[in-house]
Amino acid sequence: MKISVLGAGAWGTALAIQASGRHQVKLWARDAAAVAVMRASARNSQYLPEAVLPPALQIESDLVAAIAHATQEDGLIVVATPMAALRSMLLALPDGARVLWLCKGFEAGTGLLGHEIAREVQPRLRVGILSGPSFAQEVAAGQPTALVAASEDAELAAAAVEAFHSERLRVYTSADPIGVEVGGAVKNVMAIAVGTADGLRLRAERIGVSADAPGLNARAALITRGLAEMLRLGLALGARSETFMGLSGMGDLVLTATGDLSRNRRVGLLLAEGLPLSQILHDLGHVAEGVYSAPTVLARAQLKGVDMPITAAVVAVLEGRLSPVAAVDLLMGRQAKSEH
């Protein structure tokens, strides 16, 4: 199969590495100078420095050439840019192209999910999403990982399996792209919430006043109630409930909320330390999608009349209207009600 991965961040690079042993893969990066360095060093030193780029992997700075490589009958295009660039990438593709995207979130300004953007700008594309609990470093290293390819086009989902399924990377299929996309968007917001609570606990333990700080009980509560918020929004948008018990729902939520490699969790940990958000994002060096999608998730939920108190608290902390401690107190002070 001819595969073009558009975007040489950590995740796009990791998938390109894994597929290049079995397929003809081009990895596109916008910066020609960065491409030259990657070709010479066989490494993506900015985003995935520990991984060696295989000799078979072609590094490309010409977007037109990268797209042309994968628009033949057996081609597959993978958009590996942040959510903010998905619309422009889709607009650059020809009618009928097979395309998956990796980005997770709602588009800022419009509040649209990826499949809604595709329907608006390029309705004749064959589209889907590749998602699930996955850190790029582990995928690049060949550590066991499971993903889900979601599309209403069963043939496209099968093509994703052909492209990426291997002994160390399992790819399941789903016909529920709405659920998979909602899970991928909301879990990043919940990871900020859990990271903030864990950061408050670690800070309290460090200074010896841990009695009133959130503990592991609070972490479990946030993950569980975060899953409930994810499910409510997903159902309101037309998703299937069982999707949220799978890889792109519970699986991705648990990994992103508790894994030390999670950028969104890292944002929460540093917010609990009292660092300003601008400094956190500058020092992070990578995109933390939850920061940008949280207000849009909340706005979409409010339009649908869906109650998402954890999301609302995260947005208030990110916007500086609540401190992390006040956000925890606000959530704990809510009126008791039925769990379901």
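Residues numbered from 1 in each chain as written. Predicted model: local features only at pLDDT ≥ 70, side-chain atom pairs only at ≥ 80, totals over all residues. Heavy atoms only, no water.

As recorded in an unreviewed UniProt entry, the protein goes by the name Glycerol-3-phosphate dehydrogenase [NAD(P)+], listed as coming from Roseateles albus. Per UniProt, the protein has the following entry under Subcellular location (unreviewed entry): "Cytoplasm". Of the comments in the UniProt record for the protein, the one headed Sequence similarities (unreviewed entry) reads "Belongs to the NAD-dependent glycerol-3-phosphate dehydrogenase family." (UniProt positions renumbered as here; feature names shortened; annotations may be inferred.)

> Describe the environment of valine 315, with residues and values.
With respect to the helices and strands, the residue valine 315 is situated in helix H14 (residues 309–318). For valine 315, a relative accessible area of 4% puts it in the buried group. For valine 315 and valine 182, which are 133 residues apart along the polypeptide, the C-alpha to C-alpha distance reads 17 Å. (Helix = DSSP H or I, 4+ residues; strand = E, 2+ residues; numbered from the N terminus. Buried < 20%, exposed > 50% of the residue type's maximum accessible area, 1.4 Å probe, protein only.)

> Would you mind going over the nonpolar core in detail, with residue names and values included?
Counting residues in each nonpolar core, the largest one holds 43 residues, and the members touching the most others are Val182, Val186, Leu233, Val267 and Leu318. Sorting the residues of this core by element identifies helix H8 (177–207), helix H9 (216–236), helix H10 (247–258), helix H11 (263–272), helix H12 (277–284), helix H13 (289–303) and H14 as the ones contributing at least two each. Tallying contributions element by element places H8 first for this core, with ten residues. Leave out the neighbours within four places in its chain, and leucine 318 touches Ile192, Leu271, Leu277, Gly290, Val291 and Ala294. Listed in part, the 39 residues of the second largest apolar core include Leu57, Ile59, Leu130 and Leu147. (Core = buried A, V, L, I, M, F, W, Y, C linked by side-chain atoms within 4.5 Å. Contact = heavy atoms within 4.5 Å.)

> Describe helix H5 (residues 114–121), listing the residues and the values that go with them.
Among the eight residues of H5, six are classified as buried, and the element is accordingly described as predominantly covered. Of all the positions in H5, only Gly114, His115, Glu116, Ile117, Ala118 and Val121 are classed as buried. For H5, the secondary structure elements touched by its buried residues are helix H4 (86–91), strand S7 (98–101), strand S8 (126–131), H8 and H13.

> Before we move on, could you go through the pairing of strand S2 (residues 24–28) and cite the residues and values that matter?
Within S2, four of the five residues are buried, which leaves the element mostly enclosed by the surrounding structure. With helix H1 (residues 10–19) bridging strand S1 (residues 2–6) and its parallel neighbour S2, the resulting β-α-β unit is right-handed. With three bridges connecting them, S2 and strand S5 (residues 58–60) associate as parallel partners. By the bridge assignment, leucine 27 is partnered in S5 with isoleucine 59. (Right-handed = clockwise from strand over helix to strand, strands pointing away. Pairing = 2+ DSSP bridges.)

> Mind laying out the UniProt feature "domain: Glycerol-3-phosphate dehydrogenase NAD-dependent C-terminal" (unreviewed entry) in the protein, listing which residues take part and the relevant values?
Taken from the UniProt record, the annotation "domain: Glycerol-3-phosphate dehydrogenase NAD-dependent C-terminal" (unreviewed entry) applies to residues 176–328. Measuring from the first to the last C-alpha atom of residues 176–328 gives 33 Å, for a span that is 73% helix and 0% strand.

> Mind laying out the environment of aspartate 153, listing which residues take part and the relevant values?
The residue aspartate 153 is located in the loop between strand S9 (145–150) and helix H7 (154–164) in this model. Sequence separation of aspartate 153 and valine 127 is 26 residues, and the distance between their C-alpha atoms is 7.5 Å. Reaching out from aspartate 153, the side chain makes a polar contact with the backbone nitrogen of glutamate 155 at a distance of 3.1 Å. (Polar contact = N/O pair within 3.5 Å; in protein donor to acceptor, adjacent residues only side chain to side chain.)

> Describe the side chain of arginine 265, listing the residues and the values that go with them.
By the element assignment, arginine 265 lies in helix H11. Relative accessible area serves as the criterion here: at 6%, arginine 265 is assigned to the buried category. Apart from the residues within four sequence positions on either side, arginine 265 is in contact with Ala191, Val194, Gly195, Asp198, Arg219, Thr256, Ala257, Thr258, Gly259 and Asp260.

> Which residues make up the packing of H8 against H13, and what values do they have?
Taken N-terminus to C-terminus, the directions of H8 and H13 make an angle of 110 degrees; their axes are 8 Å apart at the nearest point. In terms of axis orientation, H8 runs roughly perpendicular to H13. Seen from H8, the contacting residues are Ala185, Val186, Asn188, Val189 and Ile192; seen from H13, they are Glu289, Gly290, Val291, Ser293, Ala294 and Val297. Here the contact of H8 with H13 is composed, by residue class, of seven nonpolar, three polar and one charged. (Axes fitted to C-alpha atoms, helices over the stretch in contact; angles between N-to-C directions. Parallel < 35°, antiparallel > 145°, perpendicular 65-115°, else oblique. Nonpolar A, V, L, I, M, F, W, Y, C, P; charged D, E, K, R; others polar.)

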